[in-house]
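# Observations on chain architecture
The chain contents come next:
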Amino acid sequence: KPNDGSKADALLSYYPTAEALLEVGMHQVYEPPMGSKFDIVECATNLKTIENQQNLRFLGVVPCREAAVDFSDILGALLGLTCLNDLGLSSARRDKGLMKYAVSNAGLRV
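In what follows, the accompanying structure is described. Since the structure is predicted, the reported quantities are computational estimates derived from the model, not experimental observations. (Residues numbered from 1 in each chain as written. Predicted model: local features only at pLDDT ≥ 70, side-chain atom pairs only at ≥ 80, totals over all residues. Heavy atoms only, no water.)

## Side note on the environment of Arg 93
Tracing the backbone shows Arg 93 in the loop between helix H4 (69-78) and helix H5 (96-105). Using a relative accessible area of 30% as the deciding quantity, one classes Arg 93 as partly exposed. For Arg 93 and Asp 70, which are 23 residues apart along the polypeptide, the C-alpha to C-alpha distance reads 8.8 Å. Not counting chain neighbours up to four residues away, the residues in contact with Arg 93 comprise Asp 73, Asn 85, Asp 86 and Met 99. (Helix = DSSP H or I, 4+ residues; strand = E, 2+ residues; numbered from the N terminus. Buried < 20%, exposed > 50% of the residue type's maximum accessible area, 1.4 Å probe, protein only. Contact = heavy atoms within 4.5 Å.)

Here it is in structure tokens:
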């Protein structure tokens, strides 16, 4: 689709494409079919199938958009990754008020 100069096109130009991510060394990029509703359990199932078929082991999940941070935490847990963020603090990584509270609870001065 040609760029028509809309705000949506401007925002999309900042998001990396699957092709660009593969070019810089990502080994696997999962994109749900265009227009489909994202289902995190279905995504994890698809990735586990890819892992088994290609004899791979996923080491991490990289969110490419701010809105994907919570999903990437859950997806990491569903994939059984050993190194992942605490699911109980997912919201604190995006909400500054919760972040301040979490830092304070960790015994650090805010």
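## Brief notes about H4
Listed as buried for H4 are Val 69, Ser 72, Asp 73, Leu 75 and Gly 76. The arc enclosing the buried residues of H4, seen along the axis, measures out at 165 degrees, which places them on a common side. As for H4, its buried residues are in contact with helix H3 (40-53). Following H4 by one or two positions, Gly 80 adopts a phi angle in the positive range, close to 75 degrees. (Arc of directions from axis to C-beta.)

## Looking at the nonpolar core
Among the nonpolar cores identified, the biggest contains 9 residues, and these are Ile 40, Cys 43, Ala 44, Leu 47, Ile 50, Phe 58, Leu 75, Leu 79 and Leu 81. No other element matches the 5 residues that H3 contributes to this core. Not counting chain neighbours up to four residues away, the residues in contact with Ile 40 comprise Phe 71, Ile 74, Leu 75 and Leu 78. (Core = buried A, V, L, I, M, F, W, Y, C linked by side-chain atoms within 4.5 Å.)

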